[in-house]
Amino acid sequence: MNLIRRSFLLLLVVCLGCVAQSASPELTQKIERQVRSYYKIPPEVHLLIGAPSPSPEFPNYESVIVTVDNGGKKQDLTFLVSKDRSSMMRLTKFDLSKDPFAETMSKIDTSGRPTRGAKASKVVVVNFDDFQCPFCSRMHQTLFPEILKEYGDRVTFIYKDYPLVEIHPWAMHAAVDANCLAAQNGDAYWDFADYIHANQHEVSNEKTPAARLEALDKLTVLQGQKHNVDVAKLQSCVKAQDESGVKASMKQAEAVGVEATPTLFISGEKRDGAQTISEMRAALDHALKDANLPVPEHPAAAAPASK
């Protein structure tokens, strides 16, 4: 009986200790108000304020984790709260032993993908592309031919797939067809990409969804014939419509923070949206200098017309 009583008392002490460590209602409210105000978090998003815990690196502060729960999508934010409860701050700790851009590139599998430009440059541009996306078309026409002419001897260009299937119904089919070409001939892949991005309307103007897919398949076979690929093998690939490779690319894209197209990674540094020629030049020049590679000379800007 005494043993049971002692066990109960021990459990009670432990529980009281847990309660003592939790944030007070007053502190919880203060933290929540600050976080909602600073990060502009709406009322419908739930915030869970964790219990303060010792911070070994900052003896006058305690660590508090705030969990942001947006319909099941959770994110933890760690804050430091002073022991006198007069201030709160958030610090970001960086590991200087790691290269974040190199880590990003290590998560993107480019093996077997067709390339343009230099075959094995230290500077690699990976573009997550959608064949039906108008902004991707604009980005493609910026990269090719203008940027390729200037940087093709020192930069490697690679495309990966990220079709936005919810809003672009034929983009997945186009990606699969393109990969059927890529499996046999890289130049055939790039010619297909050039044509589709310059002529998206030809596919979209077909009257039915089935007719659009049929138009894509015809264009694929024509490109294959132009490059003397094994047409029977190509037609078999097109008919099978194996989406596994495209879906694997989409999964990799999401793992490195891709949410829309086009999204480029220039040696691991992320660039969202269609870039202008001047933006691309600036980004590529920076990457080349960072890799100790020469920067190309750029064409002089046109002089303003005289009055």
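Cut-offs and rules
Residues numbered from 1 in each chain as written. Predicted model: local features only at pLDDT ≥ 70, side-chain atom pairs only at ≥ 80, totals over all residues. Heavy atoms only, no water. Core = buried A, V, L, I, M, F, W, Y, C linked by side-chain atoms within 4.5 Å. Buried < 20%, exposed > 50% of the residue type's maximum accessible area, 1.4 Å probe, protein only. Helix = DSSP H or I, 4+ residues; strand = E, 2+ residues; numbered from the N terminus. Salt bridge = Lys/Arg side-chain N within 4 Å of Asp/Glu carboxyl O. Pairing = 2+ DSSP bridges.

*Asks:* Teacher, can you tell me more about the nonpolar core here?
*Replies:* It is characteristic of soluble globular proteins that their nonpolar side chains tend to be buried jointly. Among the nonpolar cores identified, the biggest contains 54 residues, and F131 and L143 are the most heavily contacted of them. Tallying contributions element by element places helix α5 (residues 171-182) first for this core, with eight residues. I31, V45, V66 and V68 belong to the second largest nonpolar core, which has 14 residues in total.

*Asks:* Please explain the pattern of salt bridges as it appears in this structure.
*Replies:* Applying the stated rule across the entire model yields 12 salt bridges. One salt bridge in this structure joins K93 and E57, with 3.4 Å as the shortest N-O distance. Residue K93 is located in the loop between β5 (88-89) and α3 (100-106), and its partner E57 is located in the loop between β2 (53-54) and β3 (61-70); the two are separated by 36 residues in the primary sequence. For E57, a relative accessible area of 54% translates into the label exposed. D191 is the salt-bridge partner of K226, the closest N and O atoms lying 3.4 Å from each other. On the criterion of sequence distance, the pair formed by K226 in helix α8 (residues 209-226) and D191 in helix α6 (residues 186-198) is long-range, its members being 35 residues apart. The class for K226 is exposed, based on a relative accessible area of 56%.

*Asks:* Help me understand the pairing of strand β9 (residues 263-266), please; the structure alone is not making it clear to me.
*Replies:* Look at any regular strand and the pattern is simple: side chains alternate between the two faces of the sheet. What you see with β9 is no split at all: T263 and F265 on one side and L264 and I266 on the other are buried throughout. As defined by bridge partners, β9 adjoins strand β10 (residues 269-272) across four bridges and the pair is classed as antiparallel. Following the sheet pairing, L264 is matched in β10 by R271. Turn length for the β9-β10 hairpin, with the two strands adjacent in sequence and antiparallel, is two residues, and the turn residue S267 shows positive phi of about 50°.

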